[in-house]
Amino acid sequence: MERRAAVRFDAKLFLEDVSKVMLIFPDRHEIEASVVDISSQGLRVSITPSCESLSIPQKDETVEIVFSTIQLQLTGKYVFSMNDQDGSILVGFYIYDSDDQSKLREILDRID
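Since the structure is predicted, the reported quantities are computational estimates derived from the model, not experimental observations.

Summarising the sheet, strand β5 (residues 62-67) and strand β6 (residues 72-83) pair through six bridges and their orientation is antiparallel. Within β6, the position partnered with I65 by the bridge is L74. Between β5 and the antiparallel strand that follows it, β6, lie four residues; Q71 among them carries a positive phi value of about 50 degrees. Here β6 runs beside strand β7 (residues 89-94); their pairing, made up of six bridges, is antiparallel. Residue pairing for β7: K77 is matched across the bridge by Y94. Hairpin connection from β6 to β7: five residues lie between these consecutive antiparallel strands, with G87 at a positive phi of about 95 degrees.

So, on to the packing of aromatic side chains. Under the defined criterion, the tally for this structure stands at one aromatic pair. Positioned over the ring face of Y96 is K77, at 5.1 Å from the centre of the ring.

For soluble globular proteins, nonpolar side chains are generally found buried alongside one another. Judged by nonpolar contacts, the single largest core of 27 residues is most densely connected at L23, I38, V45 and F67. Residue assignment for this core shows that the elements contributing at least two residues are β2 (20-24), β3 (30-38), β4 (42-47), β5, β6, β7 and α1 (98-108). At four residues, β3 tops the list of elements feeding residues into this core.

Within the element layout of this structure, S39 appears in the loop between β3 and β4. There is a polar contact of 3.1 Å between the side chain of S39 and the backbone nitrogen of Q41. The residues touching S39, leaving out its near neighbours within four places in the chain, are A6, V7, R8, L104 and L108.

Calculation notes
Residues numbered from 1 in each chain as written. Predicted model: local features only at pLDDT ≥ 70, side-chain atom pairs only at ≥ 80, totals over all residues. Heavy atoms only, no water. Pairing = 2+ DSSP bridges. Helix = DSSP H or I, 4+ residues; strand = E, 2+ residues; numbered from the N terminus. Phe/Tyr/Trp six-rings, centres within 6.5 Å; stacked < 30°, edge-to-face > 60°. Lys NZ or Arg CZ within 6 Å of the ring centre and 35° of its normal. Core = buried A, V, L, I, M, F, W, Y, C linked by side-chain atoms within 4.5 Å. Buried < 20%, exposed > 50% of the residue type's maximum accessible area, 1.4 Å probe, protein only. Polar contact = N/O pair within 3.5 Å; in protein donor to acceptor, adjacent residues only side chain to side chain. Contact = heavy atoms within 4.5 Å.

In structure tokens, the structure reads:
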């Protein structure tokens, strides 16, 4: 049974291009990720495997999430990661700040 309090929406449903974000890790390392889905409380992204080593943050560590196409920056708490079938890494972030959650709701209000 699904225990989610918030409905997830596929990133492809939005008018603006919210499909790519820049993740800025605590050590200031940056990596581009593809948005898989968004809810009013968080988002899930996919990181393509690359030659560089990727250091996934520790649980509850904060990561800056930047949507450059819509000039939006959020702070998310890392909650999980898992390997996807295509070799990419799925990473989930909880947006804990109420102002940042309001910004996510504004994005959700723009669904096509």
